[in-house]
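# Report on the structure
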Amino acid sequence: MTEQGAHRDQQINLPRAEHLPAPRTAHIRRSTRESTVEVELSLDGTGDSQISTGVRFYDHMLATLAKHSLIDLRIQATGDVDVDAHHTVEDVAIVLGDAFKEALGDKRGICRFGDASVPLDEALVHAVVDVAGRAYLVHTGEPEGQAYVMIGDNYVGSLTRHVLESFAHHGAIALHVRVLSGRDPHHIVEAQFKAVARALRAAVALDPRVQGIPSVKGSL
């Protein structure tokens, strides 16, 4: 290669590290007498997941959340599921919310709001999120008796609301979930996870037209 050709190669405008967006990732581990939970996530993923909580139906729901939000998610949890699944399910939701909040960072350039209506056969769920930092949950419409149904070996229906509440509180998310119809308990839960996933996908997406923080206050 001539000296002139080498000089031309040096002039190629490669992106500088400081101009690249910071990775929106988090890795959190939490341990109590009831459970040990480790969560890794990337908001800019493809929906890949590796999940093991000891509650198989919950694993299925979390994998569904990852797939439809496009959030890469690795969760490893052990807990006293021989006593009750409640502790492990709740603690995973807590750590997942903490990791989501950390990965979101200062929220520059995001869409902030997201909503989605998702059917699953006879079930239909509408979910709306605002990731502005104000934690709140509105959860309505589950049919009578859903809270007492056992799905799989150890997931009781009442845990769904508890997962959403814990995730919203620790993720600093305003989350509204309305079950509009449904008969099959499995479908009712899965449609909720899918609707929340799609709403989160829209809310955390980066919009090139958004300059800075999406709030007239200048911070979220």
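Residues numbered from 1 in each chain as written. Predicted model: local features only at pLDDT ≥ 70, side-chain atom pairs only at ≥ 80, totals over all residues. Heavy atoms only, no water.

## Digging into the confidence of the model for the chain
- Scored by pLDDT, the chain has a mean of 91; 87% of the residues are at 70 or more.
- Counting contacts from residues 14-18, a segment whose pLDDT is below 50, to residues more than four positions away or on other chains yields 1 contact. (pLDDT = per-residue confidence, 0-100. Contact = heavy atoms within 4.5 Å.)

## Quick look at the sheet that holds strand 2 (residues 35-42)
- On the basis of which strands lie adjacent, the open sheet formed by 4 strands has the order 1-2-4-3 and mixed pairing. Of all strands in the sheet, those with a lone pairing partner are strand 1 (25-31) and strand 3 (49-52), marking the two edges. On average, each strand axis in the sheet is tilted by 5° relative to the strand beside it, whichever way the strands run.
- Bridge count for strand 2 against strand 4 (residues 72-79) is 8 bridges, and the pairing is antiparallel. Among the inter-strand pairings, Val-39 is bridged to a residue of strand 4, identified as Ile-75.
- Across the face of the sheet, helix 2 (residues 56-69) comes into contact with strand 3 and strand 4 while running at roughly 160° to strand 3. (Pairing = 2+ DSSP bridges. Helix = DSSP H or I, 4+ residues; strand = E, 2+ residues; numbered from the N terminus. Axes fitted to C-alpha atoms, helices over the stretch in contact; angles between N-to-C directions.)

## So, the pairing of strand 5 (residues 113-120)
- The alternating pattern of strand 5 places Gly-114, Ala-116, Val-118 and Leu-120 on a buried face and Phe-113, Asp-115, Ser-117 and Pro-119 on a face that is not buried.
- As paired elements, strand 5 and strand 6 (residues 123-130) share 8 bridges and run antiparallel to each other. When the bridges of strand 6 are listed, Val-118 appears paired with Val-125.
- Counting the residues between successive antiparallel strands, the hairpin from strand 5 to strand 6 contains 2 residues, one of them, Asp-121, with a positive phi of roughly 55°. (Buried < 20%, exposed > 50% of the residue type's maximum accessible area, 1.4 Å probe, protein only.)

## Looking at the sheet that holds strand 10 (residues 174-181)
- Across the sheet, 4 strands lie side by side as 5-6-10-7; this open sheet has mixed pairing. Both edges of this open sheet fall to strand 5 and strand 7 (136-140), since each of them pairs with a single strand only. Averaged over all pairs of adjacent strands, the angle between strand axes in this sheet comes to 10°, irrespective of strand direction.
- Note: strand 6 against strand 10, 7 bridges, orientation antiparallel.

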